[in-house]
Every structure is written in C-alpha cells, then in structure tokens.
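# Descriptive analysis of the structure
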Amino acid sequence: MASAAITLAADAPTLSSANTGFMLICSALVMLMTPGLAFFYGGMVRVKSTLNMLMMSFISLGIVTVLWVLYGFSMAFGTDSGSIVGWNSDWVGLSNIGLTQLWDGYTIPVFVFLVFQLMFAIITPALISGALADRVKFTAWALFVALWATVVYFPVAHWVWGAGGWAFELGVIDFAGGTAVHINAGAAALGVILVIGKRVGFKKDPMRPHSLPLVMLGAGLLWFGWFGFNAGSWLGNDDGVGALMFVNTQVATAAAVLGWLAYEKIRHGAFTTLGAASGAVAGLVAITPAGGAVSPLGAIAVGVVAGVLCAMAVGLKYRFGYDDSLDVVGVHLVGGILGSLLVGFFATGKGQSDVAGLFYGGGLDQFWKQCAGVFGVLAYSLVVSAILAFLLDKTIGMRVTEDEEIAGIDQAEHAETAYDFSGAGGGTAARTAAPAPVAGAESKKVDA
C-alpha cells in the first residue's frame with residue numbers, strides 16, 4: 001500500500017509556473033477581445049449609435065465579472081446536478097479556494113482556470129448586442145445580460161465543459177466554444193430580435209457602417225485575442241495540442257477571409273473591407289470548436305466553407321424579414337453550427353483525442369453527437385432568450401421610443417455623442433473668425 005501511495009503521489013499533477021503564466025497571458029488576450037468586439041461593432045453602426053454599441057459590450061465586463069464571483073463559476077463548473085447545472089457552495093464568492101490549489105487534473109491553479117473561463121462568460125452576451133443595435137434601452141440591456149448569463153450561459157457552459165454536463169458526457173467536441181459561446185449567442189440574438197422587432201427604416205433607409213477603419217481595428221484585435229481564446233482552451237502547453245490549435249486558428253481565419261472575398265467578388269463584383277473583416281470573424285468562429293481535432297488542411301476546408309456560407313447567410317435577414325443589425329446570426333450562429341458539425345467529417349483522431357470523423361474512417365458517430373450538442377444548445381438559448389426579452393419588454397420595456405431611435409440612441413441613453421464636429425470648420429463661428437482675404441491673393445495662387 002505504501003508503494004502504491006508513493007506512485008500515486010508521483011503521478012499527481014504539480015503546479016507548472018510555465019503553464020500558469022501561459023494561461024494568465026491567454027486570459028488577458030481573451031479579455032482584450034471584448035473591447036475589440038466593441039470597436040468591431042461600433043464601426044459597423046451609424047454615427048448616432050456608436051457609443052451605445054461600445055457600451056453594450058463594455059457593460060458585460062462589469063456585470064458578468066461580479067456574477068461570476070458570486071455564483072457563476074459555481075453554476076458552470078461546480079459539482080454536477082442532473083447533468084444540467086453545477087454547484088459548489090465553497091466557491092460562492094470564490095471563497096475557500098487555496099492560492100496553489102490546482103484545477104482537477106491540470107497543472108494550473110483554480111484561480112487561473114476560473115479567470116480564463118470568466119473572459120468567455122463576459123464576451124458571450126456581448127456578442128448578442130450586435131443584433132440589437134440602434135434600438136434597445138441600456139437599462140433593459142444590462143438587466144438582460146445579468147438574467148441571460150444566469151439562466152442561459154452558466155448552465156450551458158456546464159453542459160459543454162463541466163464534468164457531468166450532458167454534452168460533455170455524450171462526447172460532444174467543442175474545443176473552445178462553438179456551442180457554448182457562438183451558437184449560444186447567435187441563437188439568443190435571433191430569439192431577442194424576433195421579440196423586439198425591426199429598426200425604424202429597416203430595408204428603407206441606408207444603414208451603412210460609419211467607420212470601416214474602426215471595424216478593421218476591431219477585427220484585428222479579435223483575431224489577435226482569439227489565439228488566447230483558442231490555444232488557451234487546452235489549459236496548458238505540454239503536448240502540442242494547444243500549438244495545433246494556434247496554427248489552425250490562423251489557417252482557418254485566413255482561408256475564411258479568402259472565401260468570403262471570393263464570394264463577394266462573384267456575387268457583388270467587389271472586394272470589400274467589411275467583407276474581409278467579417279470573413280475573418282467567420283473563420284475564427286468556425287475553427288473554435290474544431291481546431292483541436294482537425295489538421296491544418298482540414299482547417300483550410302473549415303475556413304473556406306465558413307467564409308462562403310456565412311457570406312451567403314447574412315443576406316437571409318432580408319429574405320425572411322428579421323432585423324439582425326450586425327449579422328450576429330449570419331456569422332456567429334451559422335459559423336458556430338458549421339464549425340461544430342464539420343468536426344464530424346474532418347476530425348483526424350490525432351489531435352485532442354482519438355475520435356475520427358467520416359473522412360478519416362470514423363463513420364458518422366461523432367457527427368450525430370455534434371448534432372445533439374448543436375441543436376440542444378440552439379433550441380434552449382433561442383427559446384429562453386426570447387422569453388427573457390418578452391418579459392422585459394412587457395415590464396420595463398426593451399426599446400427606446402421611435403423619436404429617440406431616429407434622433408440617435410447615443411444622445412438619448414448616454415447624453416453623449418461619439419464625435420465632436422464643432423471645431424471642424426464650416427460653422428458661423430468659423431466663418432466669423434476667418435481673416436479677410438488679401439486683395440489679389442486668389443490671382444497670385446493661380447499664377448503660381
């Protein structure tokens with residue numbers, strides 16, 4: 001018995017300073033993605049909605065962080081209850097967690113794991129906000145974030161990643177959040193917009209992005225932060241799987257940019273910067289669940305498929321008449337579904353596990369498991385999100401007034417505007433202050 005105890009002690013994980021440092025960096029990268037998302041969305045809206053769009057992402061940093069400390073981490077990763085939700089009273093308020101206490105089976109402290117997962121919990125409701133641009137009361141949005149995180153995100157995170165969660169036990173592969181983050185947010189966005197309705201002037205007034213440079217900046221920050229989002233989800237750097245995920249993240253994103261732009265050129269005759277940025281995000285979304293299971297060649301296939309099909313999907317809102325302001329459904333829901341289901345075809349069995357997809361001799365067994373995870377999360381998030389939006393709309397009201405929407409939600413909700421043009425010239429004060437022209441100056445300029 002003594003020798004067995006010695007063997008077990010030798011096999012037990014010990015704290016790795018390298019993995020701990022790596023995961024803290026990854027956590028910071030994922031945190032950066034929420035401001036990056038704010039810029040991405042903020043550039044895509046009209047000038048009068050810029051600040052509101054930024055704030056809809058930033059408020060998630062405040063609300064979800066506090067909820068995660070109070071009970072969110074316990075619900076997502078505590079002891080399983082009925083394969084639906086977790087709970088651990090010792091984690092309420094993050095109490096009774098030792099500084100060097102390791103996350104079970106890994107070489108990083110519990111505190112490092114929980115802060116990494118916190119960043120996922122923050123960005124997921126922020127993703128929803130893009131579908132609701134221009135028309136939602138900020139107070140109602142903040143309350144929605146708190147309720148949605150509690151009754152949707154925390155339980156779904158347990159399903160997918162928590163020991164005992166039904167999707168986890170079924171064997172659904174979701175390396176970094178195709179179901180728990182992107183399908184979850186995309187389905188929620190669809191549920192809410194079906195309740196609150198369209199923007200004033202939808203399909204009538206021009207609603208073009210006001211700042212494409214801001215969109216590209218946001219896309220670049222998302223791409224940069226996504227390396228932490230994806231590679232960090234292996235919770236260490238000892239066996240090369242995280243490195244594979246890092247490579248596949250770059251490869252799939254690049255392929256998706258090319259796929260989206262090729263579709264745009266064929267369909268619309270131009271390569272647009274908005275298309276390049278959107279294609280990048282579509283590729284990042286699609287590779288998120290699949291990148292630990294596929295090869296780099298498989299990642300190219302995932303990226304191209306996502307780039308083309310997500311580009312096609314963004315136009316569905318005009319065909320079916322739902323107002324998804326910034327294409328959350330077309331990019332995140334569709335991209336998340338594609339990436340999750342393609343695992344069933346492109347998994348090599350040589351990455352995060354020995355599970356092989358159809359194209360590598362594994363049959364369709366994994367594909368059906370992926371379907372269960374995809375459509376289980378989609379249905380739950382869609383229905384519950386719609387119910388939450390309906391209840392809020394019937395109590396405090398979800399939308400600003402029509403006059404406030406037309407005048408600009410920034411001024412109505414935040415008493416600010418994104419840009420101050422008062423000093424840009426052309427006003428009465430500017431003309432009055434301008435010196436009188438010198439006689440003959442105009443002719444001298446011409447002569448020169």
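### Structural notes on the overall build of the protein chain
Each helix and strand in the protein chain was counted, giving 18 helices and two strands. For 448 residues, the compact-globule formula gives about 22 Å, and the C-alpha radius of gyration of the protein chain, at 24 Å, lands near that figure. When the 448 residues of the protein chain are sorted by exposure, 54% land in the buried category. With an accessible surface of roughly 18,800 Å², the protein chain has 67% of that area assigned to carbon and sulfur atoms.

### Re the confidence of the model for the protein chain
Averaged over all residues, the pLDDT of the protein chain is 92; the fraction at 70 or higher stands at 92%. Across residues 1-9, confidence stays below pLDDT 50; counting only partners more than four residues off in sequence or on other chains, it has zero contacts. Across residues 426-448, where pLDDT falls below 50, the model places two contacts with residues more than four positions away in sequence or in other chains.

### Quick look at helix α7 (residues 178-196)
The terminal C-alpha atoms of α7 lie 26 Å apart, and with 19 residues this matches the ideal 27 Å at 1.5 Å per residue to within 8%. Of all the bends found along α7, the most pronounced is centred on N184 and spans about 30°. Of all 19 residues that make up α7, 17 are buried, and the element is covered over most of its length. G197 sits one or two positions beyond α7 and adopts a positive phi of about 90°.

### Some words on the nonpolar core
Core analysis: the largest hydrophobic core is formed by 111 residues, its most contacted members being F73 and L132. With sequence-adjacent residues up to four places away left out, L132 is seen in contact with M56, W141, V192, I193, I196 and S325. In terms of nonpolar packing, the next biggest core, distinct from the first, is built from 14 residues, I173, A290, A293 and F346 among them.

### Digging into the environment of G307
Position of G307 relative to the elements: it lies in helix α11 (residues 296-313). A sequence separation of 256 residues divides G307 from L51, and the C-alpha atoms of the two residues are 29 Å apart. Contact partners of G307, with chain neighbours within four places excluded, come to A256, G259 and W260.

### With respect to the packing of aromatic side chains
Across all of its chains, the model carries 28 aromatic pairs by this definition. Taken together, W68, Y71, F73, F77, W91, W103, F113, Y153 and F154 form an aromatic cluster joined through their ring pairs.

### Considerations on the packing of helix α8 (residues 212-231) against helix α9 (residues 241-268)
The N-to-C vectors of α8 and α9 enclose an angle of 140°; their axes lie 9 Å apart at closest approach. Considering their axes alone, α8 and α9 lie oblique with respect to each other. Here the hand of the crossing between α8 and α9 comes out right-handed. Where α8 abuts α9, its residues W223, W226, F227, N230 and A231 lie against G242, M245, F246, T249, Q250, T253, A254 and V257. Looking at the contact of α8 with α9 residue by residue, the class counts come to eight nonpolar, five polar and no charged.

### Thoughts on the side chain of N248
Looking at where N248 falls in the secondary structure, it is placed in helix α9. By relative accessible area, N248 is classed as buried at 0%. Setting aside its immediate chain neighbours within four residues, N248 contacts I287, G291, V294, S295, P296 and A299.

### Some details on a nonpolar patch on the surface
A cluster of nonpolar side chains, L358, F359, Y360, L364 and W368, forms an exposed patch at the surface whose accessible area comes to about 530 Å². Examined against the element boundaries, Y360 turns out to sit in the loop between α13 (328-346) and α14 (365-395).

### Examining the pattern of salt bridges
The full count for this structure, using the stated rule, is six salt bridges. A salt bridge links R199 to D323; its shortest N-O distance comes to 2.8 Å. Of this pair, R199 sits in the loop between α7 and α8 while D323 sits in the loop between α12 (316-320) and α13, and the two are 124 residues apart along the sequence. You'll find R199 and D323 in the same group, each marked buried. Through salt bridges with shared partners, a single network forms among R46, D134, R199 and D323.

### Overview of unusual backbone geometry
Located in the positive-phi region is L235, a residue other than glycine, with phi close to 65°. Note on placement: L235 falls in the loop between α8 and α9. Non-glycine residue D327 carries a positive phi angle of around 65°. For D327, the position within the fold is in the loop between α12 and α13. Here D327 falls in the buried class, since its relative accessible area comes to 17%.

### Some words on the environment of Y419
Positionally, Y419 belongs in the loop between α16 (409-414) and α17 (428-433). Residue Y419 is classed as partly exposed on the basis of its relative accessible area of 33%. C-alpha of Y419 to C-alpha of L51: the two residues are 368 residues apart in sequence and 9.5 Å apart in space. Discounting residues that sit within four places of it in the chain, Y419 has contacts with V47, T50, H210, S211 and L214. Engagement of the side chain of Y419 in a polar contact is seen with the side chain of H210, the distance being 2.7 Å.

### Some thoughts on helix α4 (residues 110-128)
Its 19 residues place the ends of α4 29 Å apart at the C-alpha level, agreeing with the 27 Å of an ideal helix rising 1.5 Å per residue. With 17 of 19 residues buried, α4 lies mostly within the body of the structure.

### Notes on the side chain of T249
Relative to the elements of secondary structure, T249 occurs in helix α9. Take T249: its relative accessible area is 0%, and that puts it in the buried class. Here N230 takes part through its side chain, which lies 2.9 Å from a polar atom of the side chain of T249. Excluding residues that lie within four positions of it along the chain, T249 makes contacts with W226, F227, N230, L284 and I287.

Rules and cut-offs
- Residues numbered from 1 in each chain as written.
- Predicted model: local features only at pLDDT ≥ 70, side-chain atom pairs only at ≥ 80, totals over all residues.
- Heavy atoms only, no water.
- Helix = DSSP H or I, 4+ residues; strand = E, 2+ residues; numbered from the N terminus.
- Rg over C-alpha atoms; globule rule 2.2 N^0.38 Å.
- Buried < 20%, exposed > 50% of the residue type's maximum accessible area, 1.4 Å probe, protein only.
- Areas by Shrake-Rupley, 256 points an atom, 1.4 Å probe, with all protein chains shown as cover.
- pLDDT = per-residue confidence, 0-100.
- Contact = heavy atoms within 4.5 Å.
- Expected span 1.5 Å × (residues − 1).
- Bend = angle between axes of the 7 residues up to and from the residue.
- Core = buried A, V, L, I, M, F, W, Y, C linked by side-chain atoms within 4.5 Å.
- Phe/Tyr/Trp six-rings, centres within 6.5 Å; stacked < 30°, edge-to-face > 60°.
- Axes fitted to C-alpha atoms, helices over the stretch in contact; angles between N-to-C directions.
- Parallel < 35°, antiparallel > 145°, perpendicular 65-115°, else oblique.
- Left-handed = near helix turned anticlockwise from the far one by under 90°.
- Nonpolar A, V, L, I, M, F, W, Y, C, P; charged D, E, K, R; others polar.
- Patch = residues over 30% accessible without salt bridge, like charges linked within 9 Å, V, L, I, M, F, W, Y side chains within 5 Å.
- Salt bridge = Lys/Arg side-chain N within 4 Å of Asp/Glu carboxyl O.
- Polar contact = N/O pair within 3.5 Å; in protein donor to acceptor, adjacent residues only side chain to side chain.

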